[in-house]
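# Per-entry structural report
Below are the chains, spelled out letter by letter.
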Amino acid sequence: MNELSELYQEVILDHTRAPRNFFEMGDATGSAAGHNPLCGDRVTVYLHLENGRVKNVSFQGSGCAISTASASLMTEAVKGKTLDEANRLFNAFHDMVTGQADPLLESGEPEFEKLAALAGVREFPMRVKCATLAWHTLKAALEDKSEPVSTE
Ligand code: ZN
């Protein structure tokens, strides 16, 4: 294992052991639930939007290490962002884990250095759904969809 992937492994372990923004938000303006039946991951994303900006974002749920770390990293990345910026991050993250973009190309953005910890899932198609679940659920919460999201 090279130094870079060791660092990434540490980021994922850190966020799995101590997920950030892991709580049910009482004053959420939108929320959505997501399910990845392939792995059994479940996540609910809560948002508080104000003036077109993600004032606060949190999640709850249970799932594998990758899905938990990804949800935790997602909340850190989109907090304080405008809706446009949040959608851009969604697209960039999606392109990275599906192998359509080089994660290093995005390294100019500080949020992306941490998100790049999940780039390794592109080698494992089953794991891509674990990593993208929280992001798809975020997107549904941004659109305040009441239908549960499934990665299927
Ligand atoms: Zn999973």
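This report concerns the structure included in the present document.

What counts as what
- Residues numbered from 1 in each chain as written.
- Predicted model: local features only at pLDDT ≥ 70, side-chain atom pairs only at ≥ 80, totals over all residues.
- Heavy atoms only, no water.
- Donors = N, O, S within 2.8 Å, 3.2 Å for Na, K, Ca; no water.
- Helix = DSSP H or I, 4+ residues; strand = E, 2+ residues; numbered from the N terminus.
- Buried < 20%, exposed > 50% of the residue type's maximum accessible area, 1.4 Å probe, protein only.
- Phe/Tyr/Trp six-rings, centres within 6.5 Å; stacked < 30°, edge-to-face > 60°.
- Expected span 1.5 Å × (residues − 1).
- Bend = angle between axes of the 7 residues up to and from the residue.
- Axes fitted to C-alpha atoms, helices over the stretch in contact; angles between N-to-C directions.
- Parallel < 35°, antiparallel > 145°, perpendicular 65-115°, else oblique.
- Left-handed = near helix turned anticlockwise from the far one by under 90°.
- Contact = heavy atoms within 4.5 Å.
- Nonpolar A, V, L, I, M, F, W, Y, C, P; charged D, E, K, R; others polar.

### Quick notes on the coordination of the zinc ion
- Taken together, Cys-39 (SG), Asp-41 (OD), Asp-41 (OD), Cys-64 (SG) and Cys-130 (SG) make up the protein donors of the zinc ion, found 2.2 to 2.7 Å from the metal.
- Between the donor residues of the zinc ion, the gaps in sequence give the motif C-x1-D-x22-C-x65-C. Placement of the pair is Cys-39 in the loop between strand 1 (30-36) and strand 2 (41-50) and Cys-64 in the loop between strand 3 (53-62) and helix 2 (65-78), with a sequence separation of 25 residues.
- For Cys-39, a relative accessible area of 34% gives the class partly exposed.
- Its relative accessible area of 16% is what places Cys-64 among the buried residues.

### Overview of the packing of aromatic side chains
- The tally for this structure, following the rule as stated, stands at 2 aromatic pairs.
- Taken together, a centroid distance of 5.0 Å and an interplanar angle of 75 degrees make the contact between Phe-22 and Phe-59 edge-to-face. Taken together, the residues Phe-22 in the loop between helix 1 (3-17) and strand 1 and Phe-59 in strand 3 connect sequence positions 37 residues apart.
- Take Phe-59: its relative accessible area is 2%, and that puts it in the buried class.
- With a centroid separation of 4.9 Å and an interplanar angle of 15 degrees, the aromatic rings of Phe-93 and Trp-135 are classed as stacked.

### Observations regarding helix 5 (residues 125-142)
- Here helix 5 is 18 residues long and its end C-alpha atoms lie 26 Å apart, about the 26 Å a rise of 1.5 Å per residue gives.
- When the local axis directions of helix 5 are compared, the greatest deviation, roughly 40 degrees, occurs at Thr-132.
- Listed in full, the buried residues belonging to helix 5 are Val-128, Cys-130, Ala-131, Thr-132, Leu-133, Ala-134, Trp-135, Thr-137, Leu-138, Ala-140, Ala-141 and Leu-142.
- Positive phi appears at Asp-144, one or two residues downstream of helix 5, with a value of about 50 degrees.

### Thoughts on helix 3 (residues 83-97)
- Here helix 3 contains 15 residues, and its C-alpha end-to-end distance of 21 Å stays within 8% of the 21 Å for a straight helix at 1.5 Å per residue.
- Three or more residues of helix 3 are buried, namely Ala-86, Leu-89, Phe-90, Ala-92, Phe-93, Met-96 and Val-97.
- Looking one or two residues beyond helix 3, the residue adopting positive phi is Gly-99, at roughly 80 degrees.

### Thoughts on the packing of helix 3 against helix 5
- In contact at an axis separation of 10 Å, helix 3 and helix 5 are set at 160 degrees when each is read in the N-to-C sense. By the criterion of interaxial angle, the relationship of helix 3 to helix 5 is roughly antiparallel. The chirality of how helix 3 crosses helix 5 is left-handed. Where helix 3 abuts helix 5, its residues Leu-83, Ala-86, Asn-87, Leu-89, Phe-90, Phe-93, His-94 and Val-97 lie against Val-128, Ala-131, Thr-132, Trp-135, His-136, Lys-139 and Leu-142.
- For the contact of helix 3 with helix 5, the residue count by class is 10 nonpolar, 4 polar and 1 charged.

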